[in-house]
Amino acid sequence: MHRFVNIIALTALVVTLGTGLWQDWGLFTTMKRMILSYLGFFFLGGILTLAVLSVPLFENDAPEISKKKTKTG
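Reading the values: the criteria
- Residues numbered from 1 in each chain as written.
- Predicted model: local features only at pLDDT ≥ 70, side-chain atom pairs only at ≥ 80, totals over all residues.
- Heavy atoms only, no water.
- Axes fitted to C-alpha atoms, helices over the stretch in contact; angles between N-to-C directions.
- Helix = DSSP H or I, 4+ residues; strand = E, 2+ residues; numbered from the N terminus.
- Parallel < 35°, antiparallel > 145°, perpendicular 65-115°, else oblique.
- Left-handed = near helix turned anticlockwise from the far one by under 90°.
- Contact = heavy atoms within 4.5 Å.
- Nonpolar A, V, L, I, M, F, W, Y, C, P; charged D, E, K, R; others polar.

So, the packing of helix 1 (residues 2–22) against helix 2 (residues 27–53)
Here is step 1 of the chain: Orientation of helix 1 relative to helix 2, taken along the N-to-C sense of each, is 155°, at an axis distance of 8 Å. Put simply, helix 1 runs roughly antiparallel to helix 2. Every pair of crossing elements has a handedness; the one defined by helix 1 and helix 2 is right-handed. Seen from helix 1, the contacting residues are His2, Val5, Asn6, Ile8, Ala9, Leu10, Ala12, Leu13, Thr16, Leu17 and Gly20; seen from helix 2, they are Thr30, Arg33, Met34, Ser37, Tyr38, Phe41, Phe42, Gly45, Gly46 and Thr49.
Here is step 2 of the chain: Considered class by class, the residues forming the contact of helix 1 with helix 2 number 11 nonpolar, 9 polar and 1 charged.

Structure, rendered in structure tokens:
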């Protein structure tokens, strides 16, 4: 999961670099936006990964205890 989140964040960084080159942004503006896009996608992906992995903790799958029926009589 960590590798997938890192690949998505690096893809966002490369897209931001391509956009900066295409729109002729300055060096510092491009670098700032690249860092922000990488960190934003990395932390957002990490939070969503934690949310997905914590779903089984909230499911109510407690084993039921079967009670033995006793005969009266």
